[in-house]
Amino acid sequence: MMRIDGFHRACRRGPALAALASVVLAFAAACTQVASGQSASTLASSSDPSSGLQNRRDLPGAGAVAFDPTGARLAWAAGEEVRVLELESGEQAVRAAGSWIDDLGFAPDGSLWVIGDKVQRWQGNALACGTQEMDADRLLAVDAQGAVVAGYVHSDGQGMLRHQVWLDSRCHPTAESTLPLPKGIADAEADPGAPLGRASLHSPRPRRDEASFPNLAGMPGAKPVAVSADGHWWVIDAGGRRSLWKAVGR
Amino acid sequence: MVDGVGGSDRSTESISLSESLSREQVSLSKTREQELRTELAANPQAVAALDQLSRNLNCYNLTEEQKVQALNDFSAAPNTATAAYVEGRIAQDLGVNSAAALSLVSPDAGTLTIGGQTYSIDHGALVDAAGQRAGTINNNGEVQLNSEQQARNVYSDLSTRVQLQETVNGQPQSLLDLHPADRRGRLDDANVNQDFAGRVKQTIERARREGMDMQTDLVSRTIAQQDALYAQGRTAPGPRVTNAPGGQSWHNYGLGADVVFSTPNGQPSWPDNGNWTRYGQIAADNGLTWGGTWRNPDRPHVEYHPGFGAGDAGQFIRDVRQGGLEAAWDRMGIGQQP
């Protein structure tokens, strides 16, 4: 690249400038000459006393994540792979889904629904069933009888449509609907879906009372993504990077 | 005498010329910066990255030519990651705090999924699932895997998932966050015209370079599928969900595509405050017709029908019935078979 003769004197007083513009990355790095040398793996062994959490491991490439309601397992999507972690032993299994994974979630019996080019249901390390290719983006609900998935597609001049499909436990479609999305819904994650039709169907990502959330004040920008059924394990997102934490002393 | 007067005059002229040249040179970088601002005006994130870069360039004693070169380097992928990279290269060449400079050239942390493999990023190194160093990545989007000779690029490889972070004051800050743009391979469908698909891919690549995380939604829909959708609310149960019967949509000819944004989790998103106008500008630059300027705006939609108007789709239905999609494409001069 170019040759440069010298560093401007004014910018050597960078820290003051950086304080005024802390979000300006380059000021922080060049003008203030900070922020180098910190290992990305630092997080992996850290703890945050104020939150009562201890970091156990990073989840590289984690997209969708889900805790198994029947046991101490965590599944996450990493590109075209599903990674399943035994929380206590740390043993990890990798399953190839064969396509990019958009969503996943556990059924009440511990089997795992995976949304890719096809919708798959995994039982343990074996593929129990899979659909033909379908444009599904989200896993809306699960129960012992099956799952409900949704895909979002644009219609000329009409806006976004939701294509919702009900699958039985053998991955066979049993019903479907195509409806315009209600106004005000700006993305797939904000869509509650059409009425599910079976009382037993529930979200694979149960909502939790925010009062039970850990105090993440010591980790600016961090937010909880998922929590295990017993409340001991949390997946925390910090700037898009996800990691697994365990509640200390519980 | 004449020489003296003349000499004096020449001296004055010489200073004046120098000042003039200096002013002209000063204006070179300002002119280039203004050009970029005009081009990127509809992309506030890219403008913010330019603001950041132009402010920080003033930290260094650079010639006008060097500033222009930095702006040109930035313009290839005007986003925050590139701004960091360009400045890091300048700081490297300058010898200013080599560790900090290196930190700007390469991401501190993040993840990369490319070629079906997922890597963690640790100060520019790609670390595979086994904890082994598998290659490098820079903030200019260039990826070099140890197992390959040719470098890859996170922008042009539309299937790449990349997230680049820098640590600022101890906190992770996202520089770039892109999801696979065509994860279902919709643009490679045999029913999609590849001239059109190439233009859509170029549009998405440029959007990615500008930090816009976009993905294909609907691309091809057959005439039969369109008819079935059109029937809903008319001859079949349910509310109406389209105004176009089979053959009236350019999607039916593999010449229409809908492109939407991605949420941080990679799910499709269509926010009112998305950079739709910039997306439309880029699409138009690639010869596509954008639906965002229509009387009933259709912001995700782009289509391609050289020599024909947006409302002419219906006249190709006979071609398709007689000679397949190739017949329709041939009539537009974009056939794929010799």
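Residues numbered from 1 in each chain as written. Chains lettered and ligands numbered in written order. Predicted model: local features only at pLDDT ≥ 70, side-chain atom pairs only at ≥ 80, totals over all residues. Heavy atoms only, no water.

### Considerations on the overall build of chain A
Here's step 1: Broken down by element type, chain A carries two helices and 18 strands.
Here's step 2: Here chain A holds 250 residues, and the buried ones make up 53% of them.
Here's step 3: Sequence-distant contacts, at least 24 apart, represent 41% of the contacts inside chain A between residues at least 6 apart.
Here's step 4: Surface summary for chain A: the accessible area is close to 11,300 Å², and the carbon and sulfur share equals 50%. (Helix = DSSP H or I, 4+ residues; strand = E, 2+ residues; numbered from the N terminus. Buried < 20%, exposed > 50% of the residue type's maximum accessible area, 1.4 Å probe, protein only. Contact = heavy atoms within 4.5 Å. Areas by Shrake-Rupley, 256 points an atom, 1.4 Å probe, with all protein chains shown as cover.)

### Some words on the sheet that holds strand β6 (residues 81-86) of chain A
Residue and element names in this part refer to chain A.
Here's step 1: Read across the open sheet, the four strands follow the order β4-β5-β6-β7; overall the sheet is antiparallel. At either margin of the open sheet sits one strand with a lone partner, and together these are β4 (62-67) and β7 (92-96). Each adjacent strand pair in this sheet contributes to an overall mean axis angle of 20 degrees, direction not counted.
Here's step 2: Direction of pairing for β6 relative to β7: antiparallel, over a ladder of five bridges. From the neighbouring strand, Glu-81 faces β7, where its bridge partner is Ala-96. (Pairing = 2+ DSSP bridges. Axes fitted to C-alpha atoms, helices over the stretch in contact; angles between N-to-C directions.)

### Examining the pattern of salt bridges
Here's step 1: Applying the stated rule across the entire model yields 29 salt bridges over all chains.
Here's step 2: The residue Asp-51 of chain B makes a salt bridge to Arg-37 of chain B at a minimum N-O spacing of 2.6 Å. Residue Asp-51 of chain B is found in helix α2 (residues 44-57), and its partner Arg-37 of chain B is found in helix α1 (residues 2-40); the two are separated by 14 residues along the sequence.
Here's step 3: For Asp-51 of chain B, a relative accessible area of 25% translates into the label partly exposed.
Here's step 4: For Arg-37 of chain B, a relative accessible area of 21% gives the class partly exposed.
Here's step 5: Here Arg-299 of chain B ties to Asp-272 of chain B by a salt bridge, and the two come within 3.0 Å at their closest N and O atoms. One end of the pair, Arg-299 of chain B, is in the loop between β13 (289-290) and β14 (301-303); the other, Asp-272 of chain B, is in the loop between β12 (268-269) and α8 (276-285), and 27 residues separate them in sequence.
Here's step 6: Residue classification places Asp-272 of chain B among the exposed residues on the basis of a relative accessible area of 65%.
Here's step 7: A network of salt bridges, in which partner residues are shared, links Asp-102, Asp-117 and Asp-137 of chain A together with Arg-183 and Arg-184 of chain B. (Salt bridge = Lys/Arg side-chain N within 4 Å of Asp/Glu carboxyl O.)

### Some details on the sheet that holds strand β6 (residues 142-145) of chain B
Residues and elements named next belong to chain B.
Here's step 1: With antiparallel pairing, the eight strands of this open sheet are ordered in space as β7-β6-β5-β4-β3-β2-β8-β9. Looking at which strands have only one partner, the edges of the open sheet turn out to be β7 (152-153) and β9 (171-178).
Here's step 2: The pairing of strand β3 (residues 117-122) with strand β4 (residues 125-127) spans three bridges and is antiparallel. Bridging across to β4, Ser-120 finds its partner in Val-127.

### Remarks on the interface of chain B and chain A
Here's step 1: In this assembly, 75 residues from chain B lie in contact with 66 residues from chain A.
Here's step 2: When the two sides are added together, the surface that chain B and chain A hide from each other amounts to roughly 6,200 Å², 54% of it contributed by carbon and sulfur.
Here's step 3: Three residues, Arg-184, Gln-267 and Trp-270 of chain B, lead the burial of chain B against chain A; their summed loss comes to 12% of the area buried on that side.
Here's step 4: Taken together, the links from chain B to chain A amount to five salt bridges.
Here's step 5: The salt bridge involving Arg-186 of chain B is made with Asp-135 of chain A; its shortest N-O contact spans 3.1 Å.
Here's step 6: Summed over the shared surface of chain B and chain A, the result is 23 residue pairs in polar contact (both at pLDDT 80 or more).
Here's step 7: With seven residues, the single largest contributor to the side of chain B that touches chain A is helix α4 (residues 80-94) of chain B.
Here's step 8: Residues belonging to the side of chain B that touches chain A are distributed by class as follows: 26 nonpolar, 32 polar and 17 charged. (Buried area = accessible area lost by both parts, 1.4 Å probe. Polar contact = N/O pair within 3.5 Å; in protein donor to acceptor, adjacent residues only side chain to side chain. Nonpolar A, V, L, I, M, F, W, Y, C, P; charged D, E, K, R; others polar.)

### Examining the packing of α2 of chain B against helix α3 (residues 64-75) of chain B
All names here are of chain B.
Here's step 1: Across the interface, α2 lies against α3 with an axial gap of 11 Å and an inter-helix angle of 155 degrees. Taken together, the axis directions place α2 and α3 in an arrangement best described as roughly antiparallel. In this structure, α2 crosses over α3, and the sense of that crossing is right-handed. In this structure, α2 uses Ala-46, Ala-49, Leu-50, Leu-53 and Leu-57 to contact α3, whose residues at the interface are Lys-67, Ala-70, Leu-71 and Phe-74. (Parallel < 35°, antiparallel > 145°, perpendicular 65-115°, else oblique. Left-handed = near helix turned anticlockwise from the far one by under 90°.)

### What about the pairing of strand β10 (residues 119-123) of chain A?
In the case of a regular strand, side chains alternate between the two sheet surfaces.
Residue and element names in this part refer to chain A.
Here's step 1: With four of its five residues buried, β10 lies for the most part within the structure.
Here's step 2: In this structure, strand β9 (residues 112-115) lies alongside β10, joined through four bridges in antiparallel fashion. Looking at the pairing, Trp-113 lines up with Arg-121 of β10.
Here's step 3: In this structure, the hairpin formed by β9 and β10 is closed by a connection of three residues.

### Examining the confidence of the model for chain B
All names here are of chain B.
Here's step 1: For chain B, per-residue confidence averages 91 on the pLDDT scale, and residues scoring 70 or more make up 92% of the total.
Here's step 2: Ignoring residues within four places in sequence, the model shows residues 1-13, a span with pLDDT below 50, making four contacts including any to other chains.
Here's step 3: For this predicted complex, the interface confidence score (ipTM) comes to 0.86, while the overall pTM stands at 0.88. (pLDDT = per-residue confidence, 0-100.)

### Things to note about the nonpolar core
Taken as a class, soluble globular proteins show a tendency for nonpolar side chains to be buried jointly.
Here's step 1: In this structure, Tyr-152 of chain A together with Phe-196, Val-200, Tyr-253, Leu-255, Tyr-279 and Val-302 of chain B are the most contacted members of the largest nonpolar core, which totals 48 residues.
Here's step 2: Elements supplying a minimum of two residues to this core: β12 (138-143), β13 (146-155) and β14 (159-168) of chain A together with α6 (194-209), β11 (256-262), α8 and α9 (317-331) of chain B.
Here's step 3: Discounting residues that sit within four places of it in the chain, Val-200 of chain B has contacts with Leu-187, Ala-257, Val-259, Leu-288 and Val-302 of chain B.
Here's step 4: In this structure, Val-47, Leu-62, Ala-91 and Ala-101 of chain B belong to the second largest nonpolar core, which totals 23 residues. (Core = buried A, V, L, I, M, F, W, Y, C linked by side-chain atoms within 4.5 Å.)

### Quick notes on helix α7 (residues 223-231) of chain B
Residue pairs three or four apart in sequence face the same way in an α-helix, which turns once every 3.6 residues.
Here's step 1: Those residues of α7 of chain B not exposed but buried are Ile-223, Gln-226, Leu-229 and Ala-231 of chain B.
Here's step 2: Summarising the contacts, the buried residues of α7 of chain B are in contact with β14 and β15 (173-180) of chain A together with α9 of chain B.
Here's step 3: Just beyond α7 of chain B, the residue with positive phi is Gly-233 of chain B, at close to 85 degrees.

### Observations regarding the packing of aromatic side chains
The geometry of an aromatic ring pair comes down to the distance between the two centres and the angle between the two planes.
Residue and element names in this part refer to chain B.
Here's step 1: Across all of its chains, the model carries seven aromatic pairs over all chains by this definition.
Here's step 2: Measuring from centroid to centroid gives 5.8 Å for Trp-250 and Phe-316, while their planes differ by 55 degrees, and the two rings are tilted. Of the two residues, Trp-250 is situated in the loop between α7 and β11 and Phe-316 in the loop between β14 and α9; the sequence distance between them amounts to 66 residues. The pair Trp-250 / Phe-316 is uniform in exposure class, with both members buried. (Phe/Tyr/Trp six-rings, centres within 6.5 Å; stacked < 30°, edge-to-face > 60°.)

### Regarding the environment of Cys-129 of chain A
Residues and elements named next belong to chain A.
Here's step 1: Its place among the elements puts Cys-129 in strand β11 (residues 126-130).
Here's step 2: Owing to a relative accessible area of 11%, Cys-129 belongs among the buried residues under this scheme.
Here's step 3: Sequence separation between Cys-129 and Arg-170 is 41 residues, and the spatial gap between their C-alpha atoms is 5.8 Å.
Here's step 4: Leave out the neighbours within four places in its chain, and Cys-129 touches Val-119, Gln-120, Arg-121, Ser-169, Arg-170 and Cys-171.

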